Amino acid sequence: DSGVTQTPKHLITATGQRVTLRCSPRSGDLSVYWYQQSLDQGLQFLIQYYNGEERAKGNILERFSAQQFPDLHSELNLSSLELGDSALYFCASSALAGVTTDTQYFGPGTRLTVL
Amino acid sequence: DQQVKQNSPSLSVQEGRISILNCDYTNSMFDYFLWYKKYPAEGPTFLISISSIKDKNEDGRFTVFLNKSAKHLSLHIVPSQPGDSAVYFCAASELAGSYQLTFGKGTKLSVIP
């Protein structure tokens, strides 16, 4: 158990809908990262937050947004969903920001299925 | 454009033998490399890392080798155990301030008892 929790575990929805994925980092970790893993793909970095502020952005679509709240949990919002958004979404956390050797601990993921 | 490539989707090894997982990268700015292990229905778990100033790093049964000139790294597991059966992801990052990890697609290792 990495200490990172993600809810829900599974989500099935229809095209055009909007969903929110939630992540609670390990106790004491200030950085949260979101990754997307599509079928047969490696994990693609989406976005990083540190202590409530956005720190880095990867290949995140404009239909997607994220935030980190004062209690350090984070939410990833996906809107106008398309079939291609079906994927595993992982959240990871680490203690620091700006230290790339800081280990990222991953949650179990949320499997999103868009029908 | 895949910057981190794991060209073998799967690998089968007999228990007790050596497992060698390979990874190639194209971005010359990468200078920190990691291996993650992933079991079904779980998130990836950090295994071992290496920075570009070294060419080898060991942790118990796991050793990572880095060949910078060839932009190639490998993970050796000796001896392989059935519990090592998992998907192994190679990842890379730039030490100079970039926080994102760039992952390969993974290699599924099966260790046969």
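**A short note on the sheet that holds strand β1 (residues 4-5) of chain B**
All names here are of chain B.
And then number 1: The antiparallel open sheet is built from five strands, whose spatial order is β1-β3-β8-β7-β6. Each having just a single partner strand, β1 and β6 (56-59) make up the two edges of the open sheet.
And then number 2: Strand direction decides the pairing type here: strand β7 (residues 62-67) and strand β8 (residues 72-77), joined by six bridges, are antiparallel. Note on β8: the bridge partner recorded for valine 64 is leucine 75.

**Topic: the pattern of salt bridges**
All names here are of chain A.
And then number 1: Within the structure shown, the criterion is met by five salt bridges over all chains.
And then number 2: For arginine 26, the salt bridge is made with aspartate 29, and the minimal N-O distance between the two is 2.8 Å.
And then number 3: Several salt bridges converge on common partners, so that one network encompasses Arg63, Glu82 and Asp85.

**Here we look at the interface of chain A and chain B**
And then number 1: The interface of chain A with chain B comprises 24 residues on the first partner and 19 residues on the second.
And then number 2: A buried area of about 1700 Å², summed over both sides, lies between chain A and chain B, and 62% of it is on carbon and sulfur atoms.
And then number 3: On the surface where chain A and chain B come into contact, there are zero salt bridges.
And then number 4: Its residues assigned to classes, the side of chain A that touches chain B comprises ten nonpolar, eleven polar and three charged.

**Regarding the sheet that holds strand β8 (residues 74-78) of chain A**
All names here are of chain A.
And then number 1: With antiparallel pairing, four strands are arranged side by side in an open sheet as β1-β3-β8-β7. Both outer strands of the open sheet, β1 (5-7) and β7 (64-68), are each paired with one neighbouring strand and no more. On average, each strand axis in the sheet is inclined to that of its neighbour by 15 degrees, with strand direction left out of account.

**Description of the environment of B:Tyr25**
Residues and elements named next belong to chain B.
And then number 1: On the secondary structure map, tyrosine 25 appears in strand β3 (residues 19-25).
And then number 2: For the pair tyrosine 25 and proline 9, spaced 16 residues apart in sequence, the C-alpha separation works out to 16 Å.
And then number 3: Discounting chain neighbours no more than four positions away, the residues touching tyrosine 25 are Gln3, Val4, Phe30, Phe33, Leu66, Lys68, Lys71, His72 and Leu73.

**Remarks on the state of the cysteines**
And then number 1: In total, this model carries two disulfides over all chains according to the counting rule given.
And then number 2: Bridging A:Cys23 to A:Cys91, the disulfide has an S-S length of 1.8 Å. What sets the handedness of the A:Cys23 and A:Cys91 disulfide is the S-S torsion sign, and at about -50 degrees it is left-handed. Placement of the pair is A:Cys23 in strand β3 (residues 19-24) and A:Cys91 in strand β9 (residues 87-94), with a sequence separation of 68 residues.
And then number 3: Its relative accessible area of 0% is what places A:Cys23 among the buried residues.
And then number 4: On the accessibility criterion, A:Cys91 (0% relative accessible area) is buried.
And then number 5: What pairs with B:Cys23 in a disulfide is B:Cys90, and their sulfur atoms sit 2.0 Å apart. Taking the torsion about the S-S bond as the criterion, the B:Cys23 to B:Cys90 disulfide, at about -75 degrees, is left-handed.

Parameters at a glance
- Residues numbered from 1 in each chain as written.
- Chains lettered and ligands numbered in written order.
- Predicted model: local features only at pLDDT ≥ 70, side-chain atom pairs only at ≥ 80, totals over all residues.
- Heavy atoms only, no water.
- Pairing = 2+ DSSP bridges.
- Helix = DSSP H or I, 4+ residues; strand = E, 2+ residues; numbered from the N terminus.
- Salt bridge = Lys/Arg side-chain N within 4 Å of Asp/Glu carboxyl O.
- Contact = heavy atoms within 4.5 Å.
- Buried area = accessible area lost by both parts, 1.4 Å probe.
- Nonpolar A, V, L, I, M, F, W, Y, C, P; charged D, E, K, R; others polar.
- Axes fitted to C-alpha atoms, helices over the stretch in contact; angles between N-to-C directions.
- Disulfide = S-S within 2.5 Å.
- Buried < 20%, exposed > 50% of the residue type's maximum accessible area, 1.4 Å probe, protein only.

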